[in-house]
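Topology and contacts: notes
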Amino acid sequence: NVNLVRELAARIPGKIILGGPMVNEIDDDFFETNPEVDIVVSGEGEETFTELLESFAGQRPLEEIAGVRTSTSQSPPRGVIENLESVPSPYERIFRDQPDLEWIAYETSRGCPFLCGFCTWGYSKKMRYHSLERVFSDLDVILAQPSLDRIYLCDSSILLDKPRAKAILRHIIDKSRDVVIRYEFNAEHLDDEIIDLLLQ
């Protein structure tokens with residue numbers, strides 16, 4: 001979607017901030033070829049974006065925010081968020097604001113041990129997981145939405161931690177919702193019990 005984002009950025013007034021795997025490493029001439037872009041955020045953006053809002057409000061200098069690059073400056077990279085529980089769940093607000101959503105992406109973990117060259121999960125080999133309590137709570141909110149008919153579990157490989165994956169699949173099954181669930185996994189992680197859960 002990078003070309004679409006560039007097209008939209010040229011048409012939208014205001015401050016343009018880009019993030020995501022396509023801009024984690026940009027060329028030195030990026031801002032010359034994309035003059036409408038004000039800021040590029042590299043790495044995970046939750047803490048960086050919060051600090052950017054504080055900077056726009058005059059509460060902190062832009063130069064002190066890690067993981068930020070502009071046409072005139074570049075700060076040191078920001079480390080990954082070690083405690084994913086520090087990121088508040090957005091799903092109650094999302095469905096309050098958009099009650100007619102038909103699908104949603106949900107990620108229960110971050111990172112991937114494989115580092116495949118074609119994949120956007122390869123920025124961190126270390127796996128980090130939301131607690132099962134958090135996952136179950138989020139899934140309860142998601143599965144309670146009557147208009148929702150598709151969920152994308154967008155973990156790098158949901159079956160990397162098989163006991164955890166089985167608990168998540170059982171929780172979804174117990175909700176008895178007629179919903180399509182899509183996810184990625186490595187076939188070598190399958191076993192008879194997981195195949196049975198997937199069939200359910």
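Rules and cut-offs
- Residues numbered from 1 in each chain as written.
- Predicted model: local features only at pLDDT ≥ 70, side-chain atom pairs only at ≥ 80, totals over all residues.
- Heavy atoms only, no water.
- Helix = DSSP H or I, 4+ residues; strand = E, 2+ residues; numbered from the N terminus.
- Buried < 20%, exposed > 50% of the residue type's maximum accessible area, 1.4 Å probe, protein only.
- Contact = heavy atoms within 4.5 Å.
- Lys, Arg positive; Asp, Glu negative; His and termini not counted.
- Charge placed at Lys NZ, Arg CZ, Asp CG, Glu CD.
- 1 Å grid on protein atoms, 1.4 Å probe; cavity = no way out; pocket = protein on both sides within 12 Å on 5 of 7 lines; lining within 4 Å.
- Points joined across faces, edges and corners; volume = space filled by probe spheres on them.
- Nonpolar A, V, L, I, M, F, W, Y, C, P; charged D, E, K, R; others polar.

So, the overall build of the chain
Per the secondary structure count, the chain includes 7 helices and 8 strands. The principal-axis extent of the C-alpha atoms belonging to the chain is close to 55 × 35 × 30 Å. When burial is assessed residue by residue, the chain has 36% of its 200 residues classed as buried. If you take every contact in the chain between residues at least 6 apart in sequence, the share linking residues at least 24 apart comes to 64%. Positive and negative charge centroids in the chain, built from 21 and 36 side chains respectively, lie 1 Å apart.

Brief notes about empty space enclosed by the protein
Considering all chains together, one arrives at 1 cavity of 30 Å³ or more under this definition. Size it by volume and the largest cavity reaches roughly 40 Å³. Lining the largest cavity are Ser109, Tyr129, Asp155, Ser157, Ile158, Leu160, Asp161, Arg164 and Ala165. Its residues assigned to classes, the lining of the largest cavity comprises 4 nonpolar, 2 polar and 3 charged.

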